[in-house]
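Observations on the three-dimensional arrangement
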Amino acid sequence: MSQQQIHGVAAAFNSPEALLHAAKEVRKQGFSKVEAYTPFPIHGIDDVLGIPPSRLGYFVIVGGLTGTTLALLLQWWTGAGDPNSIPAWTALVPYPLVIGGKPLFAFEPSIPITFELTVLLSAFTTVFGMIGLNKLPRFYHPVFNFKNSPRITDDQFVLVIENTDPKFDAHEATRLFQNLHADAVEMIEE
Amino acid sequence: MSLVQIETKALTGRKYWRSLNELSGTPAFREWMVNEFPGGAELLDGASRRNVLKLMAASFGLAGLAACRRPEGKIVPLSRGVEDLIPGKSYYYNTVFTQGGSAVGLTVEAHDGRPTKIEGNRNHPQSLGASNGYAQASVLNIYDPDRSAEVLKGGQVSSWAEWDQFASQKFTAGSLGRGAGLRIVSESVVSPSLSEVRKSLLAKYPEAKWVEYEPFSNENAIAGTRLVFGQPLQAHYHYDKADVVLSLDADFLGIDSGSPLSTKKFSKKRRSAKPEDEINRLYVVESQFSVTGAMADHRIRSKASDIDSFASALARELGILSELNVLGSADKVQKILMALVRDLKKNAGKSVVIAGPRQSARVHALALMINQALGNIGTTVTFTQPLASPEAKAFADLVGELNAGSVDTLVVLGSNPVFTAPVSLKFSDALKRAKTVVHLGAEKDETAVLSSWHLPLASYLESWGDARSVDGTVSIQQPLILPLNNGRSALELTAQIAGYKDQKGYEIVRNYWTSQWPAAEQEARFRKALHDGVLAGTAFAEVKVSADPKRVALPAATAKSTQVEVVFVPSWSVYDGRYTNNAWLQEAPDPMTKLVWDNAALISKATADKLKVVDGQILKITVGGQSLEIAAMVQPGQADDSITIAAGFGRKQIGRVGQGTGFNAFEIRVSGDAIQFASDVSNTGKTYQLVTTQEFHSMTEPKLMDAIEPKTRPIVREATVEEYRHHPDFAPHMVHAPDDSIYGWFDYSEGNQWGMTIDLNSCIGCNACIIACQSENNVPVIGKEEVSYGRSMHWIRLDRYYTGDAEDPQAVIQPLSCQQCEAAPCESVCPVAATTHTPEGLNDMTYNRCVGTRYCANNCPYKVRRFNFLNYHKEMVDIEKMVSNPNVSVRMRGVMEKCTYCVQRIQEAKIKAKVEGRRGELLKDGDITTACQQVCAADAIVFGNINDPESRVSQEKKQPRNYALLAEVNTRPRTTYLAKLRNPNPELVEHHG
Amino acid sequence: MADFALNPEMVDKVTPRLVKGNSTYKSVTDDVSRIVETKTPREWWIAFSLSVAVALMMVGMLAYLVAFGIGTWGNNSPVGWAWDITNFVWWIGIGHAGTLISAILFLFRQKWRTSINRAAEAMTLFAVAAAAQYPLFHTGRPWRAIYWLFPVPNTDLNMWQNYRSPLEWDVFAVSTYGTVSLLFWYVGLIPDLATLRDRASGVRAYIYGIFSLGWRGAARHWRHYEMAYMILAGLSTPLVLSVHTIVSFDFAVSILPGWHTTIFPPYFVAGAIFSGFAMVITLMTVARWALKLEHLITIKHLENMCKVILATGMIVGYAYGTEFFIAWYSGNPYELFTFVNRAFGPYWWAYWSMISCNVLVPQIFWFKKCRTSVPIMFIASIFINIGMWFERFVIIATSLHRDYLPGSWGYFKPTMVDICTFIGTMGLFMTLFLLFIRFLPVIAISEVKGVLAQEDQVAKHGHGAHH
């Protein structure tokens with residue numbers, strides 16, 4: 001098999017500790033394109049593999065503020081806007097009405113809805129942001145070719161050195177993993 | 001509710017549900033329908049759809065015809081109308097309404113040929129623009145699908161043609177000879193043209209007899225005048241000139257007055273514009289708690305049969321009677337009596353003493369003698385000749401003749417004697433002795449089924465006639481629509497029997513009057529009569545009389561009885577049974593008991609304890625061998641050992657509405673007397689569901705509150721005249737109204753701003769406004785069961801509260817409709833903005849926007865919003881729909897509704913003003929009157945523009961008594977109340993803490 | 001010393017382990033997956049068909065309601081709201097425990113939540129679904145409500161909503177709450193769906209595959225995933241508090257004595273958590289036994305929940321007391337009357353049922369014996385749910401039936417339709433819950449493994465110290 005077809009070398013370990021230990025070793029060897037696949041998040045793996053913290057938070061702030069603005073616009077415009085300022089076909093013509101002798105728009109009664117819409121849009125951005133940043137859904141991935149991959153979601157902790165790594169050498173990688181007492185080592189195809 | 005209700009579809013036109021299996025197709029119900037209401041049975045058949053369509057088609061036909069019907073002939077009957085008829089525009093015709101011998105002039109509103117709304121004729125001396133509940137509701141009767149629609153011969157459907165043929169051989173071929181065998185029974189005849197026709201009838205049949213019969217008549221009153229003045233007279237009481245009024249069992253503000261006039265006059269003297277004003281003082285001695293009693297400053301609850309001795313005692317104290325003081329009652333009564341005597345003496349010539357129709361001729365005589373002694377005769381009490389007055393004896397004689405078999409033909413005109421006649425006479429048996437019985441009636445009633453001929457009667461809105469009111473004033477009764485059921489009037493039938501020269505009602509009436517006038521004026525005068533609704537100069541002249549009380553020969557006083565008495569009164573809702581099929585009246589709560597769809601035996605708490613009976617348990621009352629089982633109801637203020645029963649309920653031959661409502665008081669009304677004595681009263685232990693719209697709540701917090709701190713809610717605010725003078729703004733000062741807003745109030749200083757005041761001091765709680773509102777605003781009727789769930793739909797309700805002693809309380813009544821709050825709590829909670837405010841300060845409902853969350857009703861502190869829990873309107877038959885006001889949309893289920901200050905009238909008035917070129921000007925008083933304001937005899941309700949400082953409403957609101965209900969909740973209502981005043985005798989004040 | 005650390009029994013004495021027995025990652029996976037993989041047991045079918053039948057009754061009742069109107073319920077004037085809103089508030093309240101467990105306990109790093117949060121969140125969703133029936137149908141014309149309660153641009157009346165109305169706030173609060181809870185729940189499910197995918201074959205694998213979005217547990221994914229989960233928790237926490245606060249505004253913002261009070265938001269939230277946890281216990285005690293998960297949903301979990309119930313129960317009881325005190329202290333006669341009327345008026349029985357169920361019953365949880373006895377806590381939880389239903393009924397119906405003007409006072413009686421509709425919503429709830437335990441992992445597998453890993457370390461640590 002030629003280098004191009006190979007995605008990388010995968011090794012399965014039986015405990016988070018073993019995975020962490022292996023990851024450290026791999027990084028020591030100077031490998032940079034390394035990914036870990038685990039049944040649950042392993043704390044500390046990010047530092048070992050040099051993964052930067054998530055940028056999701058910034059998206060959410062934007063999403064939330066959009067919600068806030070929309071809510072306030074909705075409540076102000078529909079209740080206190082100028083009916084003649086917009087054509088009827090838009091079906092967005094405001095309808096100012098005196099209700100209970102209260103002002104057409106006031107901040108106080110607008111708080112609950114503003115809050116709710118803020119939360120709603122934040123939540124949407126959070127979930128879809130996460131899915132997007134993870135480039136999901138992706139139903140095929142080379143790691144699934146690894147015979148142990150079904151146990152990734154069960155009880156095994158997999159480390160993959162990808163062939164995009166400048167120092168990548170399938171045989172060296174395999175040996176390295178074997179020295180680390182990996183439960184199984186395999187070259188996985190693209 | 002239960003699933004059986006799904007069956008309602010099968011029953012179109014069933015609007016008033018009383019029980020669920022009635023709505024279902026259970027065999028029991030089918031059987032009942034077939035037995036009780038053959039007409040309706042077919043609606044239940046499997047192939048009901050086809051029948052239903054037939055019925056609807058018929059109704060549409062009627063509607064179509066009705067729409068193009070108009071009184072023929074070239075008449076200009078329009079009172080406030082215009083030259084040509086414009087579809088959709090309402091027209092007003094003047095006519096006259098007669099009941100129990102008293103006539104009231106009306107102005108009736110018609111839409112596209114359909115009479116829809118009754119209003120008082122302001123030109124008519126007995127109305128002065130007001131009217132009563134009966135008149136208001138009478139319009140519903142003509143659209144009653146159960147009204148008699150065909151001629152019946154021996155119970156079989158026949159036709160007018162057949163009748164005319166029969167009549168021609170019977171009455172014209174002279175087979176009756178001199179009429180020895182001809183007897184005619186009618187209600188009291190107050191129609192001049194009918195008297196004329198009667199004259200000619202009696203001329204043709206000299207030996208025939210014409211008997212007038214009324215179950216509730218003024219016979220005793222007239223007998224009283226005969227005793228005192230030696231001649232029958234009609235007394236007129238001028239409460240507007242009286243500072244002190246004593247009522248001896250006379251509910252002259254309520255059921256005992258045939259017209260709104262006495263209320264009009266009384267309230268004139270009751271009204272107070274400023275603290276210095278004097279108002280009249282009312283003493284009432286009565287057995288049942290009447291609305292008059294509720295107005296009283298001093299009320300003595302006494303057995304009706306003991307009032308004789310009270311009157312005697314009073315007469316004795318005034319030096320009229322020499323007989324001993326037979327008043328052996330509590331010293332409280334004694335004390336009031338003495339104070340009353342002094343009060344009457346002080347106000348000699350400025351007082352009125354009136355006895356009620358239930359009291360004996362002797363009591364009436366005593367009352368007249370007292371008036372005489374006080375110099376009231378000629379000032380506050382005047383007399384005219386009486387209208388023909390029915391006499392119980394004449395009717396008894398007739399029964400004698402029937403039993404003797406000497407009556408060949410009996411004609412019953414428009415009354416139902418089989419139901420209302422005293423049981424001891426066994427009229428229904430006697431009736432069978434006559435060869436031919438002809439019954440002219442609006443319903444297939446108890447008399448109809450026993451008659452050989454039943455002829456449908458045309459209502460007063462469908463036929464020509466005329467009527468004299470008690471003061472003699474004549475009004476022409478002009479129809480607004482052709483007889484919907486091809487009925488004929490009593491006038492026309494009599495003319496037919498008499499072979500009178502004119503046969504058509506219109507000709508009879510017109511010719512009768514015009515013939516008395518110079519030919520030249522005839523046309524003009526008749527037109528004017530129609531236009532004004534009264535014939536000028538027809539009032540009776542006053543009869544000046546006077547008697548020496550000392551010389552009057554009185555019958556001996558009836559000895560006091562220790563037996564339990566039973567007092568029969570006409571019902572507030574169904575009168576003597578003629579309105580039993582009228583749903584508006586059935587559902588209007590009794591002013592005092594708040595009972596709907598039923599009557600009950602009203603008893604005092606003490607009597608109830610003695611009989612070991614509680615509300616809703618069935619009593620067996622035996623009078624003169626006859627007994628009646630009737631549900632008992634404890635009524636505060638009821639005299640002990642006295643049972644009051646409203647008559648007119650418990651009819652057997654009746655349409656769907658009246659079926660199974662209440663108990664028939666006439667079953668134990670042995671003689672014609674309104675007061676009878678029960679030989680036995682016992683609790684059967686059986687129970688019956690009585691439904692009231694209000695419990696016996698008082699404004700004082702329940703006992704359990706007293707433990708913490710006793711409080712009386714400042715709802716109906718009341719003070720004595722004295723207190724009012726010392727502290728004029730007592731009412732607004734009873735609470736602290738915050739009246740502020742974190743945003744600042746909306747600006748209502750521009751344009752028309754609608755507002756209302758309700759004077760609690762004038763309101764007598766007569767229910768007329770409830771029915772006027774119902775009629776004007778298409779308020780649905782929901783039936784006894786729905787009311788029992790607490791879903792009453794009336795837009796205006798009368799809250800009744802008791803104050804003081806539980807056994808012998810005072811009562812106050814407060815009309816409550818939407819208060820049109822400026823800071824309306826209902827508006828801010830509606831999620832879809834279905835209720836909002838207009839720039840004119842109205843709290844509007846957008847019916848087609850309402851989704852029905854009911855949040856607004858919950859948040860309304862006055863609880864005046866009404867929710868269509870079911871599709872009440874959908875249950876109407878089309879003929880019934882003809883009564884609806886086309887200017888007010890009917891609400892479907894799931895929609896909230898409420899009082900709108902008659903917004904449709906406001907809009908109409910604004911358009912009118914625009915047309916008259918008053919665009920932009922403020923509307924003035926008189927441009928708009930709301931339905932409730934218009935009907936109110938006491939003029940308690942004032943509506944108008946509060947931005948116009950001259951308007952009456954602005955003036956009223958300036959009064960120191962003016963207060964906003966629940967102002968402490970900061971709702972800023974546009975409707976405000978004028979506090980109630982009592983004017984107790986200073987000598988007796990300590991009695992009323 | 002060291003052996004002591006080795007001995008699991010001994011360890012539990014000090015800090016009870018949240019995963020009992022000698023569970024391994026594999027055993028956890030197996031134990032949870034087994035439930036959905038084994039053949040559907042007969043018991044499930046019985047329970048399911050029963051629930052469906054009851055749910056169908058609800059559908060029938062609602063159809064009947066829509067056909068004839070609110071008159072088929074007992075509501076009247078003055079009692080415009082009765083069982084409808086009572087049940088709405090009750091169901092929404094129950095939902096709160098789910099979010100609380102999954103969000104707030106997560107932020108507080110309460111590891112014990114992991115075994116119960118999945119089921120609790122599911123309960124939230126289904127409770128909201130049941131609750132949603134009422135605001136929709138209590139209008140009698142839901143087709144109107146759906147269309148007009150949301151700001152849909154329209155040309156029929158060109159009207160908009162009234163954003164001053166607490167009911168309109170409810171529309172936003174409840175729909176947001178439902179949506180966010182669903183998202184939160186789904187995000188938590190993704191890794192476990194992947195687990196099921198990898199164990200399943202054929203069409204099941206395909207379906208689980210679709211819903212797990214091809215999750216592969218890469219470290220770079222876990223990074224975003226954990227961030228997302230934390231943010232959602234952070235959002236849900238104020239959200240769950242806001243929802244019952246806003247529900248309580250329906251009453252607090254009105255002007256009715258007994259409704260118009262500032263105490264409601266905290267009082268309602270506490271009550272919601274109270275009833276919610278009671279419902280979790282009701283369900284979990286049954287589920288852990290039926291699904292043989294005693295070693296994953298341990299007594300410690302149940303005991304912790306009992307403690308929460310005790311605490312919130314105390315808060316609720318305190319609120320009842322405060323209400324009365326303020327009613328008297330305010331000197332407002334209407335307010336005072338309303339409360340006296342609650343306790344001694346025609347609805348006294350409702351009030352005292354509420355007090356005994358909500359204030360007295362939870363007191364038993366002062367005793368460890370009761371906190372750790374499954375039968376006792378099960379029965380107690382039932383009582384608490386009854387009590388909380390009465391609380392809402394007392395607040396709504398008894399305040400309405402006698403307010404300012406005695407002339408308008410009335411009395412409410414439920415109809416069969418009221419009762420059957422309410423029972424029906426329980427059927428809906430149970431149907432959904434049974435479907436959930438049948439087809440989805442009732443326990444957050446990946447989270448439990450995380451906890452397991454840590455507890456192993458604790459054990460190992462002790463072991464290591466021996467060296």
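Right above here is the structure, for reference.
Heads up: these notes are all about the structure in this document. (Residues numbered from 1 in each chain as written. Chains lettered and ligands numbered in written order. Predicted model: local features only at pLDDT ≥ 70, side-chain atom pairs only at ≥ 80, totals over all residues. Heavy atoms only, no water.)

1. Quick notes on the pattern of salt bridges
- Under the defined criterion, the tally for this structure stands at 80 salt bridges over all chains.
- In this structure, B:Arg972 and B:Glu822 form a salt bridge, with 2.9 Å as the shortest nitrogen-oxygen distance. Of this pair, B:Arg972 sits in the loop between β37 (962-963) and β38 (975-978) while B:Glu822 is found in the loop between β31 (810-816) and α27 (825-829), placing the two residues 150 residues apart along the sequence.
- In this structure B:Arg972 comes out as partly exposed when scored by relative accessible area, which is 24%.
- B:Glu822 sits in the buried class, given a relative accessible area of 14%.
- Linking B:Arg918 and B:Asp927 is a salt bridge whose minimum nitrogen-to-oxygen distance equals 3.0 Å.
- Here the salt bridges do not stand alone but share partners, grouping A:Asp154, C:Lys26, C:Asp30, C:Glu37 and C:Arg199 into one network. (Salt bridge = Lys/Arg side-chain N within 4 Å of Asp/Glu carboxyl O. Helix = DSSP H or I, 4+ residues; strand = E, 2+ residues; numbered from the N terminus. Buried < 20%, exposed > 50% of the residue type's maximum accessible area, 1.4 Å probe, protein only.)

2. Regarding unusual backbone geometry
- Here A:Leu136 and A:Pro137 are connected by a cis peptide whose omega angle stands at -5°.
- Within the secondary structure, A:Pro137 sits in the loop between α4 (111-133) and β3 (157-162).
- Here the residue pair C:Ser77 and C:Pro78 is connected by a cis peptide bond, since its omega of 15° sits within 30 degrees of zero.
- Position of C:Pro78 relative to the elements: it lies in the loop between α4 (42-68) and α5 (83-107).
- Backbone geometry at B:Gln820 places phi at a positive 50°, although glycine is not the residue there.
- Relative to the helices and strands, B:Gln820 is located in the loop between β31 and α27.
- A relative accessible area of 0% means that B:Gln820 is categorised as buried.
- Positive phi outside glycine occurs at B:Asn970, with the angle close to 65°.

3. Some remarks on the nonpolar core
- Judged by nonpolar contacts, the single largest core of 361 residues is most densely connected at A:Leu159, A:Phe177, B:Ile621, B:Ile645, C:Trp91 and C:Phe436.
- Looking at which element gives the most residues to this core, the answer is helix α8 (residues 166-199) of chain C, with 17 residues.
- Beyond its immediate sequence surroundings of up to four residues, C:Trp91 is in contact with C:Ala127, C:Ala130, C:Ala131, C:Tyr134, C:Phe422, C:Thr425, C:Met426 and C:Phe429.
- With 58 residues, the next largest nonpolar core counts B:Phe310, B:Ala311, B:Val381 and B:Phe383 among its residues. (Core = buried A, V, L, I, M, F, W, Y, C linked by side-chain atoms within 4.5 Å. Contact = heavy atoms within 4.5 Å.)

4. What to know about the interface of chain C and chain B
- Across the contact, 61 residues belong to chain C and 64 residues belong to chain B.
- A buried area of about 5,200 Å², summed over both sides, lies between chain C and chain B, and 60% of it is on carbon and sulfur atoms.
- By the criterion of area lost to chain B, the three top residues of chain C are C:Phe68, C:Arg141 and C:Leu405, representing 14% of everything that side buries.
- Counting every contact that joins chain C to chain B gives two salt bridges.
- Ionic pairing is found between B:Lys863 and C:Asp403, a salt bridge with its closest N-O pair at 2.9 Å.
- Put simply, chain C and chain B have 33 residue pairs in polar contact (both at pLDDT 80 or more) between them.
- In terms of residue count, the dominant contributor to the side of chain C that touches chain B is helix α13 (residues 333-344) of chain C (six residues).
- Considered class by class, the residues forming the side of chain C that touches chain B number 35 nonpolar, 18 polar and eight charged. (Buried area = accessible area lost by both parts, 1.4 Å probe. Polar contact = N/O pair within 3.5 Å; in protein donor to acceptor, adjacent residues only side chain to side chain. Nonpolar A, V, L, I, M, F, W, Y, C, P; charged D, E, K, R; others polar.)

5. Overview of empty space enclosed by the protein
Residue and element names in this part refer to chain B.
- One pass over the structure, following the stated rule, counts 17 cavities of 30 Å³ or more.
- There is about 320 Å³ of room inside the second largest cavity.
- Elements represented by at least two residues in the lining of the second largest cavity include exactly β19 (564-570), β20 (595-596) and β24 (642-647).
- Classifying every residue of the lining of the second largest cavity gives 16 nonpolar, nine polar and three charged. (1 Å grid on protein atoms, 1.4 Å probe; cavity = no way out; pocket = protein on both sides within 12 Å on 5 of 7 lines; lining within 4 Å. Points joined across faces, edges and corners; volume = space filled by probe spheres on them.)

6. Remarks on the sheet that holds strand β2 (residues 34-37) of chain A
Residues and elements named next belong to chain A.
- Taken in spatial order, the four strands of this open sheet run β2-β3-β1-β4, and their pairing is antiparallel. Two strands in the sheet have a free side with no partner beyond their single neighbour: β2 and β4 (184-189). Each strand of the sheet is rotated relative to its neighbour by a mean of 25°, with strand direction disregarded.
- Pairing of strand β1 (residues 6-13) with β3, which is carried by six bridges, proceeds in the antiparallel orientation. From the neighbouring strand, Ala11 faces β3, where its bridge partner is Leu159. (Pairing = 2+ DSSP bridges. Axes fitted to C-alpha atoms, helices over the stretch in contact; angles between N-to-C directions.)

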